[in-house]
Amino acid sequence: MNEADSQYIADRAASAGYVVAERPEDANVVILNTCTVREGAERRAYGRMSHFKMLKNADPALKLVVTGCLAEQDRDSMQRHAPHLDGVFGTKELMQLGDAIARWREEFADTALSEERALVVPLGGAADCVTDAFSHLRGFVTVQRGCSYYCTFCIVPHVRGRFDHRPMVDVLNETKQRVDEGAREIMLVGQTVNAYRDPAGDGDFGELCRRVAQTFGLERLTFISPHPKDFTKKVLSDLAQVPQLNPRIHLPLQSASDPVLRRMNRKYTLAQYEEKVAWIREHLPDAAITTDVIVAFPGETEEDFQATLDYVRTGIFANAFMFIYSKRRGTPAAHWDQVPAAVASERFARLADAQNAVTRAYHDRKIGTIVRALVQGVSKKDRSKLAAKTLDNVTVIAPFPSSTSGVRPDDLAQTPWLDVSIDAGYVWGCGGTVVRRAERFADAGISLERPLVNLLTA
Ligand code: SF4
């Protein structure tokens, strides 16, 4: 959701005439898009705010703005703690933030707003999730904001409000716009995306996906993040009719213990979750299933944890986001008996070992195959390599093909589908060699192997 919001902010900034700066110190406007889903994210955001105070001291004309969930949660106290901020915009004030950025552009009209002094949107350590030559290839389209489910550990309904579904016609229009701008893959985004209901009609999530898939030129479709409760047979049967659907379903488990699921207010038992898995297997037999798991939720016993560990060990999940429970102010679970930190860490290590072995085996199974993946850009860890994502969302890293040396990123993004021959599997993904590149997903691809010329017979 934050990535989708960042894309919106970057779009508004670009249409107001800004360009993205490489470093905060080169920027006229610095926007910090914050998360509050875990305590660590909150601490980092405040740390970043005080770090940026130095920039503001050095250049008082700089505009420093905070948005996102932390801004929503602490809107009354944030400017008291950080008086150097020029604005705090909550999760429902993105449009106003866009308007403010556009207004400020006038102030910088005389200051030679060049490519060196522009706008930066720092997220994490670098300005990722913001426009670069490749970011338009995956278009985020928000279909719904907020959540009405009130899981007892979750801050989202408190900072983003209850369900607010976007009219289907708006989703379809934005999809078309993103595809026209060059998106090869559309990701429908919502806190509980498959609970979608068209406020202007009666269409559900299945219908939305079928309609989105009819967008002329749409190559791939994916979505994040669904809730197990909202996968009905009807929705899954609709999804099975979408030829562009990526073969990966994220199905957050959180815990495999019924008493824990009940206290989490997750609205399903393990048996009901397993039923949804069976339906997915029936309708989308090729889909990889990924998940989220919370370790050491308040009151989690060793027996509860063992149930989760045993379930993960069955090998059901191609990958999992695993977290130690993090206390969130204002949520019910924050007031309950907490699992001691040492116990939590020890359980987390056991769970991570188990899931990492499963994930590694899933990636190893790709060795010797050629996978088609959408380029994401230059690998952050190794600048001599390209990073790409397979349809089942596995990261693939491969050296720049020699045929692309000297090619500008813009041109590289024109043929963004890479056929990668996989020769290594890791926990984080796979490594390989690019053997073909294709302009469109449906294209056969252009081979990058040099034609062999036999000089004796030529
Ligand atoms: S369904 Fe997801 S977003 Fe909604 S309250 Fe639960 S964890 Fe939070």
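As the structure is a computational prediction, the values presented were derived from the model and not from experiment.

A word on the pairing of strand β11 (residues 288–295)
In terms of residue burial, β11 counts as a mostly covered element, since 6 of its 8 residues are buried. Pairing of strand β10 (residues 248–250) with β11, which is carried by 3 bridges, proceeds in the parallel orientation. Bridging across to β11, H250 finds its partner in T290. As paired elements, β11 and strand β12 (residues 319–324) share 6 bridges and run parallel to each other. Residue pairing in the sheet places V293 in a bridge with M322 of β12. In terms of handedness, the path from β11 via helix α12 (residues 302–313) over to β12 forms a crossover that is right-handed.

Some remarks on the packing of helix α7 (residues 168–180) against helix α8 (residues 205–212)
Contact pair α7 / α8: the axes reach a minimum separation of 10 Å and the direction vectors enclose 30°. By the angle between their directions, the pair α7 and α8 is classed as roughly parallel. Crossing hand, α7 versus α8: right-handed. Contacts from M168, V171, L172 and T175 of α7 reach α8 at L208, R211 and V212. Of the residues that constitute the contact of α7 with α8, the class distribution is 5 nonpolar, 1 polar and 1 charged.

Comments concerning unusual backbone geometry
Cis geometry is found at the peptide bond from I224 to S225, where omega equals 5°. Relative to the helices and strands, S225 resides in the loop between β9 (220–224) and α9 (233–240). In this structure, N265 takes a positive phi of about 60° despite not being glycine. On the secondary structure map, N265 appears in the loop between α10 (258–264) and α11 (270–283). In this structure, N393 takes a positive phi of about 70° despite not being glycine.

Some words on the site of the ligand
Around the ligand, the neighbouring residues are C147, Y149, Y150, C151, C154, V156, P157, Q191, T192 and H227. Split by residue class, the shell around the ligand holds 7 nonpolar, 3 polar and no charged.

Focus: the pairing of strand β15 (residues 395–399)
Walk down a regular strand and you will see the side chains alternate between the two sheet faces. Both strand β14 (residues 385–390) and β15 contribute to a ladder of 5 bridges, which runs antiparallel. Bridge pairing in β15 links A387 to I397. The hairpin formed by β14 and β15 contains 4 residues between the paired strands, and N393 there has a positive phi angle of roughly 70°. In terms of strand pairing, β15 meets strand β17 (residues 429–438) through 3 bridges, oriented parallel. Bridge assignment links V396 to a residue of β17, and that residue is C430.

Description of the domain arrangement of the protein chain
Under the domain assignment, the protein chain is made up of domain 1 (2–118), domain 2 (132–246), domain 3 (256–265 + 275–364) and domain 4 (370–447). Counting residues at the interface gives 10 residues for domain 2, matched by 12 residues for domain 4. Looking at the side of domain 2 that touches domain 4 residue by residue, the classes come out as 3 nonpolar, 1 polar and 6 charged.

Things to note about the sheet that holds strand β8 (residues 185–189)
Taken together, 3 strands build an open sheet; the order of strands is β5-β8-β9 and the sheet is parallel. On the outer flanks of this sheet lie β5 (138–142) and β9, each paired with one strand and no other. Across the sheet, the mean angle separating the axes of adjacent strands is 25° when strand polarity is ignored. When β8 meets β9, the two strands line up parallel, connected through 5 bridges. Looking at β9, one finds that M187 is bridged to T222. The strands touched by α7 within the sheet are β5 and β8, with β5 carrying the most contacts at an inclination of about 165°.

Things to note about the packing of helix α1 (residues 2–15) against helix α5 (residues 94–107)
For the pair α1 and α5, the least separation of the axes is 9 Å and the interaxial angle reads 30°. Considering their axes alone, α1 and α5 lie roughly parallel with respect to each other. With respect to the hand of their crossing, α1 and α5 are arranged in right-handed fashion. From α1, D5, Y8, I9, R12 and A13 reach across to α5, where they touch L94, L97, G98, I101 and A102. Per-class residue counts for the contact of α1 with α5 are 7 nonpolar, 1 polar and 2 charged.

Rules used throughout
- Residue positions within a chain follow its written sequence, with the count starting from 1.
- It should be noted that, the model being predicted, local features are given only for residues of pLDDT at least 70 and side-chain atom pairs only at 80 or more, the latter also being counted only at that level, while totals for whole chains, interfaces and linings use all residues.
- To sort residues by burial, count the other C-beta atoms lying within 10 Å of each one's C-beta; a count of 20 or more means buried, 12 or fewer means exposed, and anything in between means partly exposed. C-beta atoms are built from the backbone.
- Under the scheme used here, helices are H or I runs from DSSP no shorter than 4 residues and strands are E runs no shorter than 2 residues, and both carry numbers assigned from the N terminus.
- We treat two strands as partners when DSSP finds at least two bridges between them.
- Seen with its strands pointing away from the viewer, a crossover is right-handed if its path from the first strand over the helix to the second goes clockwise.
- Axis lines are fitted through C-alpha atoms, for helices just across the contact stretch, and the angle between N-to-C directions can take any value from 0 to 180 degrees.
- Oblique is the label for every angle not falling under 35 degrees (roughly parallel), over 145 degrees (roughly antiparallel), or within 65 to 115 degrees (roughly perpendicular).
- The sense of a crossing depends on the near helix, which, turned anticlockwise from the far helix by less than a right angle, makes the crossing left-handed and, turned clockwise, makes it right-handed.
- For the purpose of contact definition, each residue receives a C-beta atom placed from its backbone, and two residues are in contact when these atoms lie within 7 Å.
- Ten residue types, Ala, Val, Leu, Ile, Met, Phe, Trp, Tyr, Cys and Pro, are classed as nonpolar, four, Asp, Glu, Lys and Arg, as charged, and the remainder, Gly among them, as polar.
- We call a residue near a molecule or strand if the C-beta atom, set from the backbone, is within 6 Å of it.
- Each domain's extent was defined by an automatic or database domain assignment.

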